[in-house]
Amino acid sequence: MTLQTIKTTPYADQKPGTSGLRKRVTVYQQPNYVENYIQAIFDSLEGFAGQTLVIGGDGRYYNDVAIQKAIRIAAANGFGKVLVGQGGLLSTPAASHVIRHYKAFGGLVLSASHNPGGPEGDFGIKYNIGNGGPAPEKITDAVFDRTKVIDSYKTLDTPDIDLGKIGTQQIGDMVVEVIDPVTDYAALMETLFDFDAIRALFKSGFTMTFDAMNAVTGPYAKAIIEGILGAPAGTVINGVPSPSFNDGHPDPNLVYCKDMYDLLMTPEGPDFGAASDGDGDRNLIIGKNRFVTPSDSLALLAANAHLAPGYKGGIAGIARSMPTSAAADRVAEKLGIEMHETPTGWKFFGNLLDAGRVTICGEESAGTGSDHVREKDGLWAVLLWLNILAVRKQGVDEIVREHWATYGRNYYTRHDYEEVDSAIANALVDDLRGRLSSLPGQVIDGLEIAYADDFTYHDPVDGSTSAKQGIRIGFKDGSRIVLRLSGTGTVGATLRVYLERYEPADGQHNLDTQEALAPLISIIEKLAGIQKRTGRNEPSVIT
Ligand code: VG1
Ligand code: CO
C-alpha cells in the first residue's frame with residue numbers, strides 16, 4: 001500500500017452553498033472533482049493528525065463511490081481513525097451525534113439532502129466540525145479559496161473497504177470502524193423522550209403513518225417507531241433507502257407528500273402523519289385535518305418542550321432563520337427567554353447552541369432541532385410531537401388551535417420559482433435591493449411599508465458578520481415579505497418569496513392561507529415584477 005500524491009487542476013465552481021457543495025452527479029463524476037474538494041477541506045483544517053473523522057451519507061447514487069475516495073484521502077492525510085456508518089449510511093443528525101459522542105475531530109456528510117438523486121440527480125459533500133455542526137463560514141470560505149488553487153491531493157493505493165461488515169479494519173496507518181448507523185442515535189432519543197408514554201399512546205389505538213421517502217430515515221424510523229415504541233408494522237412506509245429514492249423527490253412538503261396530506265384529511269386516515277427528507281434532517285407534520293406549518297411547529301415544540309423529559313427544566317432560548325415566521329418569537333416573549341434571528345442554514349445556529357443561549361432552533365423549510373445535536377433533526381421533531389400528544393392527550397388540530405388562541409396566528413407561505421435564468425434572478429434582486437431605502441413610508445394597496453432592508457447578521461457569540469442574507473420588507477400591520485435566492489439549487493437560480501401576516505389571538509384563524517396572503521402576493525409582484533421578469537405565471541412550488 002503506497003501513499004500517493006496525485007497532480008490535479010482546480011475547478012472554479014466548488015463554492016459551498018447554504019449546506020455544503022451540491023452539484024449534479026455528472027459534475028461530481030468529473031476527474032478528481034471529489035478528490036479536489038475533500039483535499040481542499042483537509043488543507044483548510046489544522047491539528048487532525050491521529051484524530052477521528054466521521055463519514056456517512058444518505059445513501060444516494062454516488063455515495064458508495066465518493067465514500068471510498070473519502071476514506072483513502074483521510075488515511076493519506078493522517079487521520080488516525082474513520083468512523084463510518086454500515087453501508088456508508090448515516091442520517092445527517094445521526095452523523096452529528098456520532099461526531100459529538102465519540103469526540104471526533106469532524107465529519108464528512110455525503111448528501112444533497114432534499115434534492116433528487118440518481119445518475120441525473122444531485123450529490124453533495126458537507127464538512128462538519130467537532131461540535132457536530134456544519135462548518136461556519138470562516139471554514140467554508142477558506143475551503144473555497146483552497147479549491148481555486150489546489151494542485152495535488154493525497155491518497156492511498158488500496159482496494160475498496162468493505163462497509164457491509166460491522167467492526168474494525170486497517171488501511172495504512174488508519175483504522176476504519178464500521179458502526180451500526182442507528183444504535184447510538186436511538187439511545188440518544190431514549191434519553192430525551194418519554195418512550196413509555198409514547199408506547200402507551202400507540203397501545204391505546206393511536207395511528208400514524210411515517211413516510212421515509214425511500215431515503216436514509218427508514219432504518220431509524222423502523223427501529224424506533226415500530227421497534228422500540230411498538231407502533232404496528234407498516235407504520236413506516238417507503239422505509240428502505242434507495243440510491244435514486246425510488247425515482248422520487250425526497251422533500252417532505254405538501255407537493256411531494258400530497259398523498260399523505262390527502263389521506264390525513266379523510267376520516268379513515270390515521271391520527272398523525274409525518275415524513276422526513278433525503279438525509280433525515282427535515283420533517284413534515286400533519287395531524288388529522290391539520291397541516292402544521294414548519295414555522296408553527298417550531299413555536300409549538302418550543303412552547304411544549306418541557307413536557308418531554310429531556311427539556312423538563314425549560315429551554316434557554318429559541319433561534320429561527322430570518323425567513324421563518326415570527327410565531328416562535330411570541331413563545332420566547334411569553335417564556336421570557338432569548339430569541340435570535342439568524343441567516344438561512346443550520347451553520348448559523350452552532351455558536352448559539354454551543355454557548356447555551358438557545359435550546360431549540362428552526363427554519364421554515366421543515367427543519368427543527370435542539371441542542372442534542374448540531375443539525376436539524378427530522379425524527380427528533382416527530383418524536384417530540386408524539387411525546388407532546390401522549391402527554392396532552394389531545395389531537396394535533398386542537399393543540400394548534402389552542403396555540404393560536406394564546407399567541408395569535410402567523411399565516412405563512414413560501415413561493416419558489418425554480419430554475420430561473422440566473423442573470424434574470426440576480427438582476428431582479430439587485431434592482432429591488434437598490435430601491436430599498438425609498439420604500440419605507442410608501443403605501444401600496446393600503447398597506448404601509450415600515451422598513452425595508454437586506455438582512456445582515458451579527459453573530460453575538462463570535463462577533464462575525466454575514467451580509468446580504470435576504471431582502472426584508474416589513475409593513476406597519478406586522479406583515480412581512482422576504483425575498484432571497486436559494487443556496488442549495490444546482491441548476492439556474494431558485495427565487496424564494498416568503499410571505500407572512502399576523503392575526504392576533506382574538507383574530508381570524510380560519511382563513512385559507514393563500515387567500516389570507518393574497519394582498520402580499522400582489523404587492524411583491526408590484527414591487528419586484530417576479531412573474532413579469534421571469535415569464536412564469538405561477539410559482540413552481542408553494543409550501
Ligand atoms: C434550503 C432551506 C434552508 C435549509 C437548507 C438546507 O436552503 O431554505 O432553510 O437550511 O436548504 O437544508 P436554500 O439556500 O436553498 O434556501 V437540507 O435539509 O437541504 O440540508
Ligand atoms: Co436535509
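Note that the structure is predicted; figures quoted are calculated from it, not measured.

A.B. asks: Outline the pattern of salt bridges, supporting the account with residue identities and numerical values.
C.D. replies: All chains considered together, the criterion is met by 34 salt bridges. Put simply, lysine 81 and glutamate 177 hold a salt bridge, and the shortest N to O gap is 2.8 Å. Residue lysine 81 is located in strand 4 (residues 81–89), and its partner glutamate 177 is located in strand 9 (residues 174–179); the two are separated by 96 residues in the primary sequence. For glutamate 177, a relative accessible area of 23% corresponds to the partly exposed category. Its salt-bridge partner being arginine 501, residue glutamate 503 comes within 2.8 Å of it at the nearest N-O pair. Counted as one network, the salt bridges with shared partners bring together Arg320, Asp329, Glu341, Asp453, Arg472, Arg480 and Glu500.

A.B. asks: Residue-level account of the environment of aspartate 180, with values.
C.D. replies: Structurally, aspartate 180 can be placed in the loop between strand 9 and helix 6 (183–192). On the basis of relative accessibility, which here comes to 28%, the residue aspartate 180 falls in the partly exposed class. If we ignore the near neighbours within four places in the chain, the residues touching aspartate 180 are Gln86 and Ile166. At 2.6 Å, the side chain of aspartate 180 and the side chain of threonine 183 are in polar contact.

A.B. asks: Outline the site of ligand 1, listing residues and values.
C.D. replies: In the vicinity of ligand 1 there are 19 residues, among which Thr18, Ser113, His114, Thr488 and Arg496 approach most closely. A distance of 2.8 Å separates an oxygen atom of ligand 1 from a polar atom in the side chain of arginine 282. The separation between an oxygen atom of ligand 1 and a polar side-chain atom of serine 486 is 2.6 Å. Grouping the constituent residues of the shell around ligand 1 by class yields no nonpolar, 10 polar and nine charged.

A.B. asks: Quick rundown of the nonpolar core? Include the residues and the values.
C.D. replies: Membership of the largest hydrophobic core comes to 73 residues, with the highest contact counts inside it found for Phe193, Phe272 and Trp380. Ranked by residue count, the leading element in this core is helix 13 (residues 378–392), at 11 residues. Among the domains, domain 1 (2–181) and domain 2 (185–407) are the pair contributing at least three residues each to this core. With sequence-adjacent residues up to four places away left out, phenylalanine 193 is seen in contact with Ile198, Ala308, Pro309, Tyr311, Trp380, Leu383, Leu384 and Asn387. Membership of the second largest hydrophobic core comes to 44 residues, among which are Tyr37, Tyr62, Ile67 and Leu156.

A.B. asks: Give a description of the packing of helix 6 against helix 13 that names residues and reports values.
C.D. replies: The contact between helix 6 and helix 13 brings their axes to 11 Å, and the two run at 30°. When the interaxial angle is binned, helix 6 and helix 13 end up roughly parallel. Considering the relative orientation of helix 6 and helix 13, their crossing is right-handed. Contacts between helix 6 and helix 13 involve Tyr185, Met189 and Leu192 on the former and, on the latter, Leu379, Trp380 and Leu383. Residue composition of the contact of helix 6 with helix 13, grouped by class: six nonpolar, no polar and no charged.

A.B. asks: Describe in detail the domain arrangement of the protein chain, supporting the description with residues and values.
C.D. replies: Under the domain assignment, the protein chain is made up of domain 1 (2–181), domain 2 (185–407) and domain 3 (409–542). The C-alpha centroid of domain 2 is placed 28 Å from the C-alpha centroid of domain 1. Taken residue by residue, the interface counts 32 residues in domain 1 and 32 residues in domain 2. Summed over both sides, the interface of domain 1 with domain 2 buries roughly 2500 Å², with 58% coming from carbon and sulfur. For the domain 1 face of the interface with domain 2, the top three residues by lost area are Pro93, His97 and His114, together amounting to 23%.

A.B. asks: Describe helix 13, with residues and values.
C.D. replies: If you check helix 13, its first and last C-alpha atoms are 21 Å apart, about what 15 residues at 1.5 Å a residue would give, namely 21 Å. Where burial is concerned, most of helix 13 is hidden: 13 out of the 15 residues are buried. Put simply, aspartate 377 is the residue that caps the front of helix 13, since its side-chain oxygen is 3.4 Å from the backbone nitrogen of leucine 379. Directly after helix 13, the chain includes lysine 393, whose backbone phi takes a positive value near 50°.

Here is what the cut-offs are and how they apply
- Residues numbered from 1 in each chain as written.
- Chains lettered and ligands numbered in written order.
- Predicted model: local features only at pLDDT ≥ 70, side-chain atom pairs only at ≥ 80, totals over all residues.
- Heavy atoms only, no water.
- Salt bridge = Lys/Arg side-chain N within 4 Å of Asp/Glu carboxyl O.
- Helix = DSSP H or I, 4+ residues; strand = E, 2+ residues; numbered from the N terminus.
- Buried < 20%, exposed > 50% of the residue type's maximum accessible area, 1.4 Å probe, protein only.
- Contact = heavy atoms within 4.5 Å.
- Polar contact = N/O pair within 3.5 Å; in protein donor to acceptor, adjacent residues only side chain to side chain.
- Near = heavy atom within 4 Å.
- Nonpolar A, V, L, I, M, F, W, Y, C, P; charged D, E, K, R; others polar.
- Core = buried A, V, L, I, M, F, W, Y, C linked by side-chain atoms within 4.5 Å.
- Domains from an automatic or database assignment.
- Axes fitted to C-alpha atoms, helices over the stretch in contact; angles between N-to-C directions.
- Parallel < 35°, antiparallel > 145°, perpendicular 65-115°, else oblique.
- Left-handed = near helix turned anticlockwise from the far one by under 90°.
- Buried area = accessible area lost by both parts, 1.4 Å probe.
- Expected span 1.5 Å × (residues − 1).

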